[in-house]
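Per-entry structural report
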4 protein chains.
Amino acid sequence: MNVDVIADATADQDRKAPGRPRSARADEAIIAATLDLLASGTPVEALSIEAVAARAGVGKATIYRRWANKESLIVDAVASIKGDVLPVPGISVREDLVTLLRPVGRMSQNKFGRIMPCLLNELRRNPQLAESYRELTEPRREALRRVIRRGIATGEIRSDLDVEVAVTMLVAPLIVQNVLAPNPALEGVDLPAELVDTLLSGPAATAGAGPVAAAG
Amino acid sequence: MNVDVIADATADQDRKAPGRPRSARADEAIIAATLDLLASGTPVEALSIEAVAARAGVGKATIYRRWANKESLIVDAVASIKGDVLPVPGISVREDLVTLLRPVGRMSQNKFGRIMPCLLNELRRNPQLAESYRELTEPRREALRRVIRRGIATGEIRSDLDVEVAVTMLVAPLIVQNVLAPNPALEGVDLPAELVDTLLSGPAATAGAGPVAAAG
Amino acid sequence: MNVDVIADATADQDRKAPGRPRSARADEAIIAATLDLLASGTPVEALSIEAVAARAGVGKATIYRRWANKESLIVDAVASIKGDVLPVPGISVREDLVTLLRPVGRMSQNKFGRIMPCLLNELRRNPQLAESYRELTEPRREALRRVIRRGIATGEIRSDLDVEVAVTMLVAPLIVQNVLAPNPALEGVDLPAELVDTLLSGPAATAGAGPVAAAG
Amino acid sequence: MNVDVIADATADQDRKAPGRPRSARADEAIIAATLDLLASGTPVEALSIEAVAARAGVGKATIYRRWANKESLIVDAVASIKGDVLPVPGISVREDLVTLLRPVGRMSQNKFGRIMPCLLNELRRNPQLAESYRELTEPRREALRRVIRRGIATGEIRSDLDVEVAVTMLVAPLIVQNVLAPNPALEGVDLPAELVDTLLSGPAATAGAGPVAAAG
DNA sequence: CGTTAATCGAGACGGTACGTCCTGTCTTCGG
DNA sequence: CCGAAGACAGGACGTACCGTCTCGATTAACG
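All residue numbers refer to positions counted from 1 along the written sequence of the respective chain. Chains and ligands are labelled sequentially in the order written, the chains with letters from A and the ligands with numbers from 1. Given that the model is predicted, a residue must reach a pLDDT of at least 70 before its local features are reported, and side-chain atom pairs must reach 80 or more before they are shown or counted; all residues, however, enter totals for whole chains, interfaces and linings. Hydrogens are left out, water is left out, and the side-chain values use all remaining heavy atoms of the structure.

Let's talk about the overall build of chain A
Just so we agree on the cut-off: Numbering goes from the N terminus for both helices and strands, where a helix is a DSSP run of H or I of at least four residues and a strand is a run of E of at least two. Accessibility throughout is a Shrake-Rupley quantity obtained with a 1.4 Å probe, and a residue counts as covered only by protein chains that appear here.
Along the backbone of chain A there are 12 helices and 0 strands. Listing the helices and strands of chain A from first to last along the sequence gives α-α-α-α-α-α-α-α-α-α-α-α. Counting every atom, chain A has about 10800 Å² of accessible surface; 55% of that belongs to carbon and sulfur.

Now the structure itself:
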């Protein structure tokens, strides 16, 4: 969130600031330039204010007047893309989970996906950015949680599952595979489907008979 | 890989290079200094060759003579720590898996763990570093695979499990939780144990007959 | 000459440059540091921009923004010391000449004298520095010329003398003796007086009538 | 003088050193390379041992084994060119002096002349180089002295002249004009002739009457 | 005639300075 | 007051030499 906007909001909603008001166009141009640069591959550590200012057609001071440092600019830029709406789930629990996970497995193909990987290294160091990150991913995690709970209610999923752990086991492999250190052994695999099957003890659902029964 | 080693390999394995040979002590000092700086918190992007040279007591040219750039120095430095041996697993499959996963959950407490997080952001961009990373983690993954296969053989684990997917579902959540974006909802949880339980015991509970019972 | 001054002179004398103007304090600090280092014995070839920047409390870029290289910085630094005023001459032509030459014979004892010798080697290569040098020495040469012309007018000096050649014959031996290659055979000699006597009195002695006698 | 030769001379003239003797070809190649580089414009301060070694086809250690530093190499290199013989003087004293001075006025056209200017800056700092310089110039000065004394004996030159001062007054202007800081006011002048005329009280010789007499 | 030892070219060593670039801050101008 | 422009101090970059050192290979005199 823009520092001035915060200040204005907490101090005086109605009174006009003296002098020339800040240009909303500049705000937008700066945020857009930041996202553009991140999406076009610039790693966060190499994202220079100078480059952002140049691409936004704005003076460096104009950026520093609004954000205290590079990190908070990035936090705001990231927070601004929260709009990306979520797909609506389907009918079968298994199908719904796979549907929800699939875009995570194709992260490198949308804007959100191209920006995220650049930020991951900063998450450890920057709690605010981590917060923004969580705010962005939370709706997706919540959707997963809802489907899992629905599955438990309908008996499609066993009831002793820790929902949070389950969600993490579904999402984390995709993040690691797509964003950090792709494992060549998993390259051709339809990972979202495999993950769901593995978690939900596929055999019971796919063959009608669990592996133990088959082995017995 | 060291530039000279490359040269030797492509040219002539046996003939000695003319002139004074390169100092092995310098090699070691440079690698050690690099790892020290990484372990002491310096982020990869802020690791300067100048600082490495100073800490190693070495001229900058001595570094540039061996490595073309910062990245390949880091690749070699990382590759050099592969020595960290693995703990030997125990008896019960469930216990063995938890034992193997536990150190991953405590990565921030050993040298390897303090260095790794600094590198993750580079993995996407630098295939060589990614290769080094995989070489380092592969023995740990292989140990997990062996235990899982043993469990399948003894009937403690259902046989339809894709071993690679299972390994990833165990490891990835720990990496994400400890290194990237800790999820506050999982903060107090004994994640290694929860992961193993979620993966292994689920089917047993839903199918009415656990693998242990079947094996008994 | 400062690069900016050049730019202004060739482009537009009146229009202000955009952006923050250059700091006059930095200019002065850089020139002062340069002269300090030269005067304290640093030979021109060992004068490093890095040292100048450090002593001036200035970034290297601030120096390179103003001067393209070390040489032109030195040219400007030298040009800036032209202020050293000249002593006023006395009454007798012979005495006046000796008075004017004496400081040249004691160059190693004043600031100007300690800096000059460091520059001589550069004069051949650097026409701009040679120009600065000439601008600094010209007032002194002009003073000598005036005295010689006065002597010719009053009859104290023979009238066929080429003034420029005479000035050079007085000054060059002192430069060579004090700055370049002292001749041991002239070590104890009061060179300024000897030079004037040799130049002026010679003809008088051979012709039987000294200039003073002629003027008396 | 070569460091080893010194050692041999002071210790034991006859006993041969054990081991492989030093290569005379290397000595010559190094000296020649040094003079080449100096003559081809490289200023003394920019003459790198590395360049000398490269041009001589010799290792750097081969140079440092013989000379303690760059300066003493240059001293020896300069000393090695003393061979340049002097022209023989003519009949008239005035003509002889002009003949002797003329080559000094054309220094930039022979090898000696192209090397000398590079050295002048070092003379102040390096007594050994100054000594070499004096040894090289002394024969020329001595020739001038002899002619001047001959002129005094024959009555062509007045007898009260300090010979050393006179020599300096003839030579120093040429050095300054040709090597250090050429005075534009003297550019078209036949300086050697003018100097001799000015010193020898030209009028007496050219017009038969001294200036004082003419003015009286 | 083989041993011996100082030489040779080559090149790595720890340093220092180079001139460039970019950082985040600051200071001025014109609108 | 705002925007743009650009100077500010600082510091890392990768290169070039410095003068020293260390290597394997020569090479000449001594034994």
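Read on for the rest.
Here's the deal with the interface of chain A and chain B
Quick reminder of the rule: The contact rule is simple, with two residues in contact once any of their heavy atoms fall within 4.5 Å. The term buried area denotes the loss of accessible surface (1.4 Å probe radius) that occurs when two parts are joined, taken as the sum for both partners. Here, a salt bridge means any Lys or Arg side-chain nitrogen found within 4 Å of an Asp or Glu carboxyl oxygen.
On the side of chain B, 45 residues touch chain A, which itself brings 44 residues to the contact. Interface of chain A and chain B: buried area, both sides summed, is about 3800 Å²; carbon and sulfur atoms make up 70% of it. Between chain A and chain B we count 0 salt bridges in total. In terms of residue count, the dominant contributor to the side of chain A that touches chain B is helix H9 (residues 163-180) of chain A (10 residues).

Observations concerning the nonpolar core
Put simply, the rule is: What makes a nonpolar core is a set of buried Ala, Val, Leu, Ile, Met, Phe, Trp, Tyr and Cys residues whose side-chain atoms join them at distances within 4.5 Å. Only protein chains enter the accessibility calculation, which uses a 1.4 Å probe. A residue is then buried if its area is under 20% of the maximum for its type, exposed if over 50%, and partly exposed in between.
Counting residues in hydrophobic clusters, the biggest one holds 135 residues, and the most contacted among them are Ile63, Leu119 and Ile148 of chain A together with Ile63, Leu119 and Ile148 of chain B. If near-sequence neighbours (up to four positions away) are discounted, Ile63 of chain B is found in contact with Ile30, Ile49, Val52, Ala53, Val58 and Leu73 of chain B. One finds Val52, Ala130 and Ile157 of chain C together with Ala172 of chain D within the second-largest nonpolar core, a separate group that totals 134 residues.

Some details on the relation of the copies chain A and chain B
Selection criterion: Overlaid copies result from least-squares superposition on C-alpha atoms, with residues included only where pLDDT is at least 70 in both.
Mapping chain A onto chain B leaves a residual RMSD of 0.4 Å; the transformation is a rotation of 178° accompanied by 0.2 Å of translation along its axis. Such a combination of turn and shift is consistent with a two-fold rotation axis. Taken together, the interface assignments show that 91% of the residues at the interface of chain A recur at the interface of chain B, consistent with an identical surface on both copies.

With respect to the domain arrangement of chain A
Residue and element names in this part refer to chain A. Which entries qualify depends on this criterion: Each domain's limits were defined by an automated method or a database of domain assignments. Distance and chemistry together define a polar contact, namely a pair of N or O atoms within 3.5 Å, with one atom able to donate a hydrogen and the other to accept it when in protein, and with adjacent residues in sequence counting only for side-chain atoms on both sides. Throughout, the ten residues Ala, Val, Leu, Ile, Met, Phe, Trp, Tyr, Cys and Pro are labelled nonpolar, Asp, Glu, Lys and Arg are labelled charged, and all others, Gly among them, are labelled polar.
Domain boundaries assigned for chain A yield domain 1 (3-11 + 22-79) and domain 2 (83-200). In this complex, domain 1 contributes 11 residues to the contact, which on the side of domain 2 involves 13 residues. In total, about 1100 Å² of surface goes out of reach between domain 1 and domain 2, with carbon and sulfur atoms giving 70% of it. Counting every contact that joins domain 1 to domain 2 gives 0 salt bridges. Scanning the region where domain 1 abuts domain 2 turns up 0 residue pairs in polar contact (both at pLDDT 80 or more). The element that contributes the greatest number of residues to the side of domain 1 that touches domain 2 is helix H5 (residues 70-79), accounting for 5 residues. A breakdown of the residues in the side of domain 1 that touches domain 2 according to their chemical character gives 8 nonpolar, 1 polar and 2 charged.

A short note on helix H10 (residues 191-199) of chain A
Most of H10 of chain A is tucked away, with 7 of its 9 residues classed as buried. All buried positions along H10 of chain A are accounted for by Leu191, Pro192, Ala193, Leu195, Val196, Thr198 and Leu199 of chain A.

Details of the side chain of Arg141 of chain D
Within the fold, Arg141 of chain D resides in helix H8 (residues 127-154). Overall, Arg141 of chain D belongs to the buried group, its relative accessible area being 14%. Other than its neighbours up to four places away in sequence, Arg141 of chain D contacts Asn183 of chain C together with Glu164, Val167 and Thr168 of chain D.

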